[in-house]
Amino acid sequence: MDDGGSMEANTKKSRILIVGVTGRLGFELAIASLQALHPTFCLVRSSSLIDPEKSRKVQILTDSGAIILEGSLHDEGSLIEALKRVNVVICAVNSKQALDQKPLIAAIKQAGCIERFIPSEFGSDPDKSKTYIADMDKGFYSRKSEIRRLVEAEGIPYTYISCNFFMSYLLPSLVQPGLKEPPRDKVTIFGDGNVKGVFMKERDVATFTISTVDDPRTLNKVMYLRPPGNVYSLNELVELWEQKIGKQLEKIHISEENLLKKIKETPYPDNMQMVFIYAAFVKGFQTCFDVEACGGVEGSLLYPHLKYTTISSYLDTLL
């Protein structure tokens, strides 16, 4: 009888197709979807089943109840077949592959059964990039904006997830380009050090994302993630780290002008960490706008019951 009850509950939950499950975030999205009892389908390329690390992830998902569908974004037949089995699609391909979502959008339009599409963004809001960093990012954000415009032009219902930085990026070095771990002696502060950025753990981004799929409040909206324990300026980050290690660090200040000079002098892609630091911690790309005023919604206000990893608890793991 229990099985029947759970199956009945499942029929009320969206059936979700996730693209990119062998990547770090895609895997977490699939796990979160399964934990929330959504019927979960994973589109996996046949080449991924040969790769030891990727096939290990696929096996974990299979054992957890996911349905694995072989196919790719460039095989229309397998795409349409997969889409007809679901009503929500989440794409988590690498940022460099953002434009590879074009055939997926065409297939979603053709299938005609998708009630929500969450494209691969999962970073800072790409539509705000031109205001802050113009073309310094070599099209990193403009590709994502191009996908947004295509989704909207096709009239596909969507939710965009703007989670800002992943904790695995920049935070392990305390926002020090080139370092692999937090400094113990001296630290560089970019700009005045008072502009706030946001960091989220991938697992938490996945949990918040899955919470949106059946929520009418997030339909055709950008959901921003700015939970209180994860919004810090460089000065606050350094102070927190100093408290944890019981030691004052020597501060080296780099002005906005000098940071821009370093970005221009450093060849692409080696300068990209500095570009993102400039955007977030000097220009305020992630926090210098009001979420509601620009028509967005804030995830930690929508889902106050969801627990998340704070910056402080993450830094404890680096001690």
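Residues numbered from 1 in each chain as written. Predicted model: local features only at pLDDT ≥ 70, side-chain atom pairs only at ≥ 80, totals over all residues. Heavy atoms only, no water.

Labelled according to an unreviewed UniProt entry, the protein chain appears under the name NmrA-like domain-containing protein, originating from Centaurea solstitialis.

A separate point is the pattern of salt bridges. Applying the stated criterion to the full structure yields 16 salt bridges. Taking the shortest distance from any N to any O, the salt bridge between E53 and R56 comes out at 3.0 Å. One end of the pair, E53, and the other, R56, are both in helix α3 (residues 52-63), three residues apart, so they sit about a helical turn from each other. Take R56: its relative accessible area is 44%, and that puts it in the partly exposed class. For the salt bridge of R217 with D215, the shortest nitrogen-to-oxygen distance reads 2.9 Å. By sharing partners, the salt bridges in this structure join E121, D125, D127, R148, R149 and E152 into a single network. (Salt bridge = Lys/Arg side-chain N within 4 Å of Asp/Glu carboxyl O. Helix = DSSP H or I, 4+ residues; strand = E, 2+ residues; numbered from the N terminus. Buried < 20%, exposed > 50% of the residue type's maximum accessible area, 1.4 Å probe, protein only.)

A word on the nonpolar core. L171, F199, L237, L259, F281, I311 and L315 are the most contacted members of the largest nonpolar core, which totals 39 residues. Taken together, the elements giving at least two residues each to this core come down to α6 (129-133), α7 (140-153), β8 (186-190), α9 (234-245), α10 (256-265), α11 (272-282) and α13 (311-316). When residues in this core are grouped by element, the largest group, ten residues, is from α11. In this view, L315 contacts L171, L174, L237, L240, W241 and K244; residues no more than four positions away in its chain are not counted. Listed in part, the 35 residues of the second largest apolar core include F27, A206, I210 and V213. (Core = buried A, V, L, I, M, F, W, Y, C linked by side-chain atoms within 4.5 Å. Contact = heavy atoms within 4.5 Å.)

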